[in-house]
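Single-letter residue listing:
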Amino acid sequence: MKINEALSIAIDYEHKVRDHYVAGAAQILDPRGKKVFETLGREEQRHVEYLESRLEEWRKTGKIQDVPLDSILPSPEWLKEAQARFTEGHDPSLAVQAELDLLKVALDLEHQASGFYQELVTKLPEADRPMFARFLDIEQGHVAIVQAEINSLSGLGTWFDFMEFSLEAG
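Attention here is on the structure that accompanies the text. (Residues numbered from 1 in each chain as written. Predicted model: local features only at pLDDT ≥ 70, side-chain atom pairs only at ≥ 80, totals over all residues. Heavy atoms only, no water.)

**Quick notes on the overall build of the protein chain**
Looking only at helices and strands, the protein chain features five helices and two strands. Helices and strands in the protein chain line up, N terminus first, as α-α-α-α-α-β-β. Taken across its 170 residues, the protein chain has 42% of its residues classed as buried. The contacts of the protein chain with a sequence gap of at least 6 include a subset with a gap of at least 24, amounting to 74%. Accessible area of the protein chain: about 9400 Å², with a carbon and sulfur share of 55%. (Helix = DSSP H or I, 4+ residues; strand = E, 2+ residues; numbered from the N terminus. Buried < 20%, exposed > 50% of the residue type's maximum accessible area, 1.4 Å probe, protein only. Contact = heavy atoms within 4.5 Å. Areas by Shrake-Rupley, 256 points an atom, 1.4 Å probe, with all protein chains shown as cover.)

**Some details on the nonpolar core**
Generally speaking, soluble globular proteins have nonpolar side chains that are buried together. Counting residues in hydrophobic clusters, the biggest one holds 20 residues, and the most contacted among them are Leu7, Leu51, Tyr117, Leu120, Met131, Phe132 and Phe135. If you list the elements that add at least two residues to this core, you get α1 (3–27), α2 (31–61), α4 (97–123) and α5 (129–153). Discounting residues that sit within four places of it in the chain, Leu7 has contacts with Leu51, Arg54, Leu55, Ile64, Met131 and Phe132. In this structure, Val17, Ala106, Val146 and Leu153 belong to the second largest nonpolar core, which totals 19 residues. (Core = buried A, V, L, I, M, F, W, Y, C linked by side-chain atoms within 4.5 Å.)

**Digging into the packing of α1 against α2**
Direction vectors running N to C along α1 and α2 enclose 160°, while the axes themselves pass 8 Å from each other. The orientation of α1 relative to α2 falls into the category roughly antiparallel. Pair α1 / α2 crosses with left-handed handedness. Considered class by class, the residues forming the contact of α1 with α2 number 14 nonpolar, eight polar and seven charged. (Axes fitted to C-alpha atoms, helices over the stretch in contact; angles between N-to-C directions. Parallel < 35°, antiparallel > 145°, perpendicular 65-115°, else oblique. Left-handed = near helix turned anticlockwise from the far one by under 90°. Nonpolar A, V, L, I, M, F, W, Y, C, P; charged D, E, K, R; others polar.)

**Considerations on α1**
Taking 1.5 Å of rise per residue, the 25 residues of α1 would be expected to cover 36 Å, and the 36 Å separating its terminal C-alpha atoms lies within 8% of that figure. Looking at the buried residues of α1, the elements they touch are α2, α4 and α5. (Expected span 1.5 Å × (residues − 1).)

**Section: the pattern of salt bridges**
Opposite charge on two side chains allows them to pair when their charged atoms are near. Inspection of the entire model under this criterion finds three salt bridges. Notably, a salt bridge pairs Asp19 with Arg18, separated by 2.7 Å at the nearest N-O pair. A salt bridge links Arg54 to Glu57, with the shortest nitrogen-to-oxygen separation between them at 2.4 Å. Taken together, the residues Arg54 and Glu57, both in helix α2 and three residues apart, mark about one turn of the helix. (Salt bridge = Lys/Arg side-chain N within 4 Å of Asp/Glu carboxyl O.)

**Let's talk about the packing of aromatic side chains**
Tallying each qualifying case throughout the model produces six aromatic pairs. Consider the rings of Tyr50 and Phe135, whose centres lie 5.8 Å apart with planes at 55°: the pair is tilted. Pair noted here: Tyr50 is in helix α2 and Phe135 is in helix α5, with a separation of 85 residues, a long-range link. Plain terms: the ring middles of Phe116 and Tyr117 are 5.6 Å apart, the flat faces sit at 55° to each other, and that makes the pair tilted. Looking at Phe116, the relative accessible area reads 6%, which means it is buried. Following the ring pairs from residue to residue traces out a cluster consisting of Tyr13, Tyr50, Phe116, Tyr117, Phe132 and Phe135. One cation-aromatic arrangement involves Arg54 over Tyr50; the distance from NZ or CZ to the ring centre is 5.5 Å. (Phe/Tyr/Trp six-rings, centres within 6.5 Å; stacked < 30°, edge-to-face > 60°. Lys NZ or Arg CZ within 6 Å of the ring centre and 35° of its normal.)

**A few points about the side chain of His142**
In this fold, His142 is placed in helix α5. At 2.9 Å, the side chain of His142 forms a polar contact with the side chain of Glu44. Setting aside residues up to four positions removed in sequence, His142 forms contacts with Leu40, Glu43, Glu44, His47, Leu73 and Glu110. (Polar contact = N/O pair within 3.5 Å; in protein donor to acceptor, adjacent residues only side chain to side chain.)

**Comments concerning the packing of α1 against α4**
At a minimum axis separation of 10 Å, α1 and α4 run at an interaxial angle of 165°. Of the possible angle classes, the one that applies to α1 and α4 is roughly antiparallel. For the element pair α1 and α4, the recorded crossing hand is left-handed. Contact residues: Ala6, Ile9, Ala10, Tyr13, Glu14, Lys16, Val17, His20, Tyr21, Gly24 and Gln27 in α1; Leu102, Val105, Ala106, Leu109, Glu110, Gln112, Ala113, Phe116, Tyr117 and Leu120 in α4. Across the contact of α1 with α4, the residue classes tally to 14 nonpolar, four polar and three charged.

Following this line, the structure appears as C-alpha cells:
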C-alpha cells in the first residue's frame, strides 16, 4: 500500500469514528458519558484534520514530514494513576441500554481503526511507520477508555479495573 492510499483510508476510518461519537454525544443522558463522547469526537476531528494536512502535503510534494500528533486525552500513565484514584461511578439510573449500545459500536470502530493502524505499522516502509504508530497508540487509549465506560455502565463494578463497589460492604 502506498502512503497516499494509507492516508485516504485512515481519513475514512477517522470520519466514521468521529461521526459516531458526535451522534452519540447528542443521545447520551449521563453527563460523564456525554463528556466522554464529546471529547473523543473532538479528538477524532483533530485526527481527520491532521491526516488531511498530511495527504495535502503528499499531493504537493510527494512526501510527508513527521509532524508530531498530540492527543487531548490523558496519557497512559494518567490512566494507570486513575485506577488508584477513582471512587465514584455513574448514576445507574441514567445508564440505559442505548448508551451501552453506542459504546459497544464505538469499541468496535476503535478496534477496527487500531487494527488498520497496526497493519500499516507492520507493512508500510519503515520511513512511513512513525506517524501511524502514534495513531495506533492513541487509538489503543481510546479502546481502554471506551471499555472502561462499558464496564462501569454494565454493572461489572469496575472502571479501569478498579472496583467501584464492594460486594462485602454491608
